[in-house]
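Residues per chain, in single letters:
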Amino acid sequence: MIELIVLTSLGVAFFAYAIVVHRDKSFFCVLTPVYFTFIPGYYLFELIHIYFFGYSAQTSTYLFCYATYSLVFLFLALAYTYFPSYSLRLPFNVRHEIRYMPYVVLAAAVLVYLPILIEYRDLILDPRAIYVRTRIGYGHMYFTSSALVFLAYILCLFKQRPFRGEKALFFMMCALWCLSHGSKGQVVQLILIGLMFRVFVSGRTASFSTVVSYAAVFAIGLGSLFYFFSDSLREGDVSLLAGVASYADYNRNAMMLIEDDDFELQYGKLTLEQAIYSRVARVLYPAKPDDWGTFALARKYYPVWFEKKTGSASFGVLGVPFADFGHFAMLYLISWAVVTGVLLKIFMVRLKKYRDPSDFIMVLFLANVVIIPSGVGYTIPEHLFLALLVSVLLRIRIGWRRRPLPAAVEHTALSTV
């Protein structure tokens, strides 16, 4: 019965995907990035975990979780597909010529993170160990460096006159620096940024076989990262499938919370804490508490892990909303899905019209490829500010040096809203 619930939810999720594919006429669409990570993490690995270890919760809990996931995808797809193609007026589109800015931004990313590498230079060949030891008090350097790497790669992709192989070489440079952060997810982000640029900006639609090949390469790359970053997998203590299925515990942690009869609803407290504390660097507020938002859940359910301050277990997309609103979390998440679908439609219309880095940044964020990682929290104000800042910087660049642009770029850049 539980397997049927998971598979039915998966079928609804793929139906939602088919709606967007039909609308965009491309099998690689705005839902692809979130599907690349969500479908394995919440569906496939859950089924594998059930096969190896059995059920993790009651049938009613599985039903609530997977009904929520499928309805969120369905309402997101419907909002994106049927919202009118409205071109919002924004000061993003700018006549731009990007030359050395990607390298300047990447250098800034290196400089921001360099103090951490110097402090933990004895662990420089084990970046994951550095990551574990810097969860508290280093976020301003870690997340700023990550955001700058992503921004540098985006700017490189928008270069009009790259030398042969420059974009591939720059990707390798960015990927190596992301690995120095001890994060597998950041390399995945870079791959998704490149794929989204190819489809949404370069206009190369993807067939079904192309998306399948992307997924295969993605799965191999992700599996390799898990293998090299996991001691238990490298030493053969567990199989790759069982190890990855156990690692992807987001859904099971949420179900553990749902079935806890002693947990008292927080009525928005955790959501508010994530909105506030995720934006306050500890270096500016040393008295910032440790047990806010999802970390409060970690303190209750993973106290040893929480006390060691080496990270926090993830409670997935349902954890904090359920802790705050109970079963009304389903309506809360569906509402946000509709808002996200509408905003995605607006910025996709702009991106197709202007092909501008600022609009691309917003599409990436709304498609779940976050450029400004904060660990937790919904950072749409920060991404809007970054998009505006990029457009301002590109205008200043034009003021320094005026060079003729190709006719196609000139036409696109000078278009008016």
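Here the structure is a predicted model, which means the values were calculated and not measured.

### Section: the packing of aromatic side chains
Point 1. With the rule as written, the count across this model stands at 31 aromatic pairs.
Point 2. The interplanar angle of 45° and the centroid separation of 6.1 Å between the aromatic rings of Phe52 and Phe53 together place this pair among those described as tilted.
Point 3. Among the residues examined, Phe52 registers a relative accessible area of 38% and is labelled partly exposed.
Point 4. These aromatic residues form a ring-pair network of at least three members: Phe14, Tyr17, Tyr35, Phe38, Tyr42, Tyr43, Tyr62, Tyr66, Tyr69, Phe73 and Tyr250.
Point 5. Over the face of the ring belonging to Tyr301 we find Lys300, whose NZ or CZ atom lies 5.5 Å from the ring centre.
Point 6. Its guanidinium or amino end placed over the ring of Tyr80, Lys345 lies 5.9 Å from that ring's centre, counting from NZ or CZ.

### A closer look at the pattern of salt bridges
Point 1. In the structure shown here, the tally under the stated rule is eight salt bridges.
Point 2. Glu166 serves as the salt-bridge partner of Lys159, at 2.9 Å between the closest nitrogen and oxygen. Comparing Lys159 with Glu166 shows no difference in burial state: the two are buried.
Point 3. A salt bridge links Glu273 to Lys269, with the nearest nitrogen and oxygen atoms 2.7 Å apart. Of this pair, Glu273 and Lys269 are both found in helix α13 (residues 269-277), four residues apart, which corresponds to roughly one turn of the helix.
Point 4. Using a relative accessible area of 40% as the deciding quantity, one classes Lys269 as partly exposed.

### Some remarks on the nonpolar core
Point 1. Of all hydrophobic cores here, the largest spans 120 residues; its most connected members are Phe28, Tyr35, Tyr43, Ile193, Met196, Phe200 and Phe360.
Point 2. Of all the elements, helix α6 (residues 139-157) adds the most residues to this core, at twelve residues.
Point 3. If we ignore the near neighbours within four places in the chain, the residues touching Phe28 are Tyr17, Leu195, Met196, Val199, Phe200, Ala206, Val211 and Tyr214.

### Thoughts on the environment of Tyr277
Point 1. Along the chain, Tyr277 turns up in helix α13.
Point 2. Residues Tyr277 and Pro289, twelve residues apart in the sequence, show an inter-C-alpha distance of 8.6 Å.
Point 3. Ignoring anything within four residues of it in the chain, the contact list for Tyr277 reads Tyr285, Lys288, Pro289 and Trp292.

### Digging into helix α4 (residues 101-119)
Point 1. Taking 1.5 Å of rise per residue, 19 residues should cover 27 Å, and α4 covers 28 Å from first to last C-alpha, within 8% of that figure.
Point 2. The axis of α4 is deflected most strongly, by about 40°, at Tyr113, and proline Pro115 appears within four residues downstream.
Point 3. Restricting attention to buried positions, one finds in α4 the residues Met101, Pro102, Val105, Leu106, Ala109, Tyr113, Ile116 and Leu117.

### With respect to the side chain of Ser278
Point 1. You can see Ser278 is positioned in the loop between α13 and α14 (294-301).
Point 2. Of note is the side chain of Ser278, whose polar atom sits 2.3 Å from the backbone oxygen of Gln274.

### Overview of the environment of Asp359
Point 1. On the secondary structure map, Asp359 appears in helix α18 (residues 357-366).
Point 2. Between the alpha carbons of Asp359 and Asn93 there is a distance of 8.1 Å; along the sequence they are 266 residues apart.
Point 3. With near-sequence residues (within four places) excluded, Asp359 lies in contact with Phe92, Phe347, Arg350, Leu351 and Tyr354.

### With respect to the packing of helix α3 (residues 59-82) against helix α12 (residues 250-258)
Point 1. Between α3 and α12, whose axes approach to 10 Å, the crossing angle comes to 125°. Judged on the interaxial angle alone, α12 and α3 are oblique. Judged by the sense of rotation from one axis to the other, the crossing of α3 with α12 is right-handed. Residue-level inspection shows Thr61, Tyr62, Phe64, Cys65, Tyr66 and Tyr69 of α3 in contact with α12, the latter providing Asn251, Met255 and Ile258.
Point 2. Within the contact of α3 with α12, the residues separate by chemical class into seven nonpolar, two polar and no charged.

### So, the packing of α6 against helix α7 (residues 166-180)
Point 1. Running from N to C, α6 and α7 cross one another at 175°; their axes reach a closest spacing of 10 Å. Relative to α7, the element α6 lies roughly antiparallel. Within the contact between the two elements, α6 uses Ser145, Val149, Phe150, Ala152, Tyr153, Cys156 and Leu157 and α7 uses Lys167, Phe170, Phe171, Cys174, Trp177 and Cys178.
Point 2. Residues that form the contact of α6 with α7 fall into these classes: eleven nonpolar, one polar and one charged.

### As for a nonpolar patch on the surface
Point 1. Together, Phe385, Leu388, Leu389, Val392, Leu393 and Ile396 make up a nonpolar patch on the protein surface, roughly 490 Å² of accessible area in all.
Point 2. Along the polypeptide, Leu389 turns up in helix α19 (residues 380-400).
Point 3. Looking at Leu389, the relative accessible area reads 34%, which means it is partly exposed.

### Examining the confidence of the model for the protein chain
Low pLDDT means the predicted atomic positions in that stretch should not be read closely.
Point 1. Mean pLDDT over the protein chain works out to 83, with 85% of the residues at or above the 70 mark.
Point 2. Predicted confidence in the protein chain is weakest over helix α20 (residues 407-413), with a mean pLDDT of 41, and strongest over α3, with 96.
Point 3. Confidence drops under pLDDT 50 across residues 397-417; counting only partners more than four residues distant or on other chains, this segment forms 42 contacts.

Conventions adopted
Each chain has its residues counted from 1, following the order in which its sequence is written. In view of the model being predicted, local features appear only for residues whose pLDDT reaches at least 70, and side-chain atom pairs are presented and counted only at 80 or more, with totals across whole chains, interfaces and linings using the full set of residues. Where side-chain values are given, they derive from all heavy atoms of the structure, hydrogens and water being excluded. Each aromatic pair joins two rings of Phe, Tyr and Trp (for Trp, the six-membered one) with centres within 6.5 Å, and gets the label stacked for planes under 30 degrees apart, edge-to-face for over 60, and tilted for any other angle. Partly exposed describes any residue whose relative accessible area lies between the buried limit of under 20% and the exposed limit of over 50%, with all areas from a 1.4 Å probe on protein chains only and scaled to the type maximum. The criterion is that NZ of a Lys, or CZ of an Arg, lies within 6 Å of the ring centre and within 35 degrees of the ring normal, and then a charge sits over that ring. Salt bridge, as used here: a side-chain nitrogen of Lys or Arg that lies within 4 Å of a carboxyl oxygen of Asp or Glu. Runs of H or I in DSSP of at least four residues are treated as helices and runs of E of at least two as strands, each being numbered from the N terminus. What makes a nonpolar core is a set of buried Ala, Val, Leu, Ile, Met, Phe, Trp, Tyr and Cys residues whose side-chain atoms join them at distances within 4.5 Å. Any two residues whose heavy atoms approach within 4.5 Å are treated as being in contact. Expected span of a helix: the number of residues minus one, times 1.5 Å. The angle between axes fitted to the seven-residue stretch ending at a residue and the seven-residue stretch beginning at it gives the bend at that residue. Pairs of N or O atoms are called polar contacts if they sit within 3.5 Å, as long as, within protein, a hydrogen donor faces a hydrogen acceptor (for residues adjacent in sequence, only side-chain-to-side-chain pairs). Lines are fitted to the C-alpha atoms to define the axes, a helix being fitted only along its stretch in contact, and any angle between axes, read from their N-to-C directions, falls within 0 to 180 degrees. Roughly parallel means an angle under 35 degrees; roughly antiparallel, over 145; roughly perpendicular, 65 to 115; everything else is oblique. Two helices cross in a left-handed way if the nearer one is turned anticlockwise from the farther one by less than a right angle. They cross in a right-handed way if the turn is clockwise. Classification used: nonpolar for Ala, Val, Leu, Ile, Met, Phe, Trp, Tyr, Cys and Pro, charged for Asp, Glu, Lys and Arg, polar for all others including Gly. Each patch is assembled from residues with relative accessible area greater than 30% and no salt bridge, linking like charges that lie within 9 Å and nonpolar side chains (Val, Leu, Ile, Met, Phe, Trp, Tyr) that lie within 5 Å. Residue burial considers only the protein chains on display, and all accessible areas are found by Shrake-Rupley using a 1.4 Å probe. How sure the predictor is of each residue is captured by pLDDT, a score from 0 to 100.

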